[in-house]
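The chain contents come next:
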Amino acid sequence: MRILVLGGAGYIGSHTALELIRAGHEVVIADNLVTGYKRAVPESAVFYEGDLSDFAFLDNIFKLKEIDAVIHFAAFSLVGESVTNPLKYYSNNLCGTKILLDAMVKNGIGKIVFSSTAAVYGEPESIPIPESSRTCPTNPYGETKLAMEKMFHWTAKAHGMRYVSLRYFNACGADASGTIGEAHDPESHLIPLILQVPNGRREAISIYGTDYDTPDGTCIRDYIHVTDLAQAHILAAEYLMNGGESDIFNLGNGVGYSVREVIDTARKVTGHPIPAIEAPRRAGDPARLVASSEKARTILGWKPVHDSLEEIISSAWNWHKNHPNGFGD
């Protein structure tokens, strides 16, 4: 397959591009490098720098390359920022995706895999969360992702396009080679924030809320290794290429770990005491978010293989200890 990876210089996009290449596929990457890094782009990928909202840019790629399918990661994804600057998220995530679909329809590109999020569910009705759960986002980021899913649905009906939407939980870890990993500015994800302590970049890690209805009082999340996420995107693209119908899948390990458990595991992996400071709850943090991924396992044949918390944190530490400044080293 020749796959266009939008946002392929970002964290999950670059890992997916690398896994696609390892699987023998041709990869074309488009990224505006606002949050992505040129150094994260695999050497054998064809790279175009440009923006999702630039119709001529996308149209040109589709004319130059015979693209079999698109994998779409090109979205802003900071929950807090989406609350303070919602129009930035609607402009990029929603309006940009509309332009992408315009270009796909014009050029007869009929298959797309979409990077969605568990944020579409909001406060969960039950744990683990199935795809049939109510969708009621609690922030503009989740709202834009849900609106993008609906845009794919109606565009598919009108133009014969087929899509797969992958709703995933807490992406984490790094490629086993240690050559690429997670590098956000500002950083907002728990595991890289914890690892900034043994890296000497912060004194302690904050635990926001210790009075949740969980065994140790801290929030529980489903952590999924980025390489396992990448494999799911490849399986989804192959599913569409083989005639699969449009569908939505959760991606998670189905196991929840508390904030305290993640910190304790990081202490074990790094050999550092990692002091923790208890702080008040943050608004909008559900006590538990754990995925049911049975549908992806059954239909796509997906099975996480890097599913132990220790392996996830070890792979992340292998990246962060050698790249304390991310791709700025």
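Bear in mind that the values here come from a model prediction, so they are computed numbers and not experimental data. (Residues numbered from 1 in each chain as written. Predicted model: local features only at pLDDT ≥ 70, side-chain atom pairs only at ≥ 80, totals over all residues. Heavy atoms only, no water.)

Visitor: How should the side chain of His-15 be read in this particular structure?
Guide: Looking at where His-15 falls in the secondary structure, it is placed in helix H1 (residues 11-22). Among all residues touching His-15, those that are not within four sequence positions of it are Ala-174, Asp-175, Ile-180, Gly-181, Val-226, Thr-227 and Ala-230. (Helix = DSSP H or I, 4+ residues; strand = E, 2+ residues; numbered from the N terminus. Contact = heavy atoms within 4.5 Å.)

Visitor: What exactly am I supposed to notice about the packing of aromatic side chains here?
Guide: The relative placement of two aromatic rings is captured by the distance of their centres and the angle of their planes. Applying the stated criterion across every chain yields a total of 6 aromatic pairs. Look at Phe-152 and Tyr-163: their rings are 6.0 Å apart centre to centre, the planes differ by 25 degrees, and that puts the pair in the stacked class. Taken together, the residues Phe-152 in helix H5 (residues 140-159) and Tyr-163 in strand S6 (residues 162-168) connect sequence positions 11 residues apart. Note on accessibility: Phe-152 and Tyr-163 belong to one class, buried. An angle of 50 degrees between the planes, with centres 4.9 Å apart, marks the rings of Trp-319 and Phe-327 as tilted. (Phe/Tyr/Trp six-rings, centres within 6.5 Å; stacked < 30°, edge-to-face > 60°. Buried < 20%, exposed > 50% of the residue type's maximum accessible area, 1.4 Å probe, protein only.)

Visitor: Sorry if this is basic, but what is going on with helix H8 (residues 259-270) here?
Guide: Given 3.6 residues per turn, any residue in an α-helix points the same way as the ones three and four places further on. The end-to-end C-alpha separation of H8 is 16 Å, in line with the 16 Å expected for 12 residues at 1.5 Å each. Along H8, the positions that sit buried rather than exposed are Val-259, Val-262, Ile-263, Thr-265, Ala-266 and Thr-270. Take H8 and look down its axis: the buried residues cluster within an arc of 165 degrees, on one side only. Check the buried side of H8 and you find it contacts helix H6 (190-195), strand S8 (205-208), strand S10 (223-225), strand S12 (257-258), strand S13 (276-279) and helix H10 (309-322). At the exit of H8 stands Gly-271, carrying a positive phi of roughly 70 degrees. (Expected span 1.5 Å × (residues − 1). Arc of directions from axis to C-beta.)

Visitor: How should I be thinking about the nonpolar core in this particular structure?
Guide: A general feature of soluble globular proteins is that nonpolar side chains tend to end up buried together. In terms of nonpolar packing, the biggest core is built from 34 residues, with Ile-12, Ile-29, Leu-166, Leu-251 and Leu-300 touching the most fellow members. Looking at this core, the elements with two or more residues in it are strand S1 (2-6), H1, strand S2 (26-31), strand S4 (69-72), S6, helix H7 (226-241), strand S11 (247-251) and helix H9 (294-300). With 8 residues, the single largest contributor to this core is H7. Sequence-distant contacts of Leu-300, defined by excluding residues within four places in its chain, comprise Leu-166, Ala-232, Leu-235, Ala-236, Tyr-239, Phe-249 and Lys-295. Among the nonpolar cores identified, the runner-up in size contains 29 residues, and Phe-62, Leu-94, Ile-99 and Ile-112 belong to it. (Core = buried A, V, L, I, M, F, W, Y, C linked by side-chain atoms within 4.5 Å.)

Limitation: the analysis is restricted to geometry and does not speak to function.
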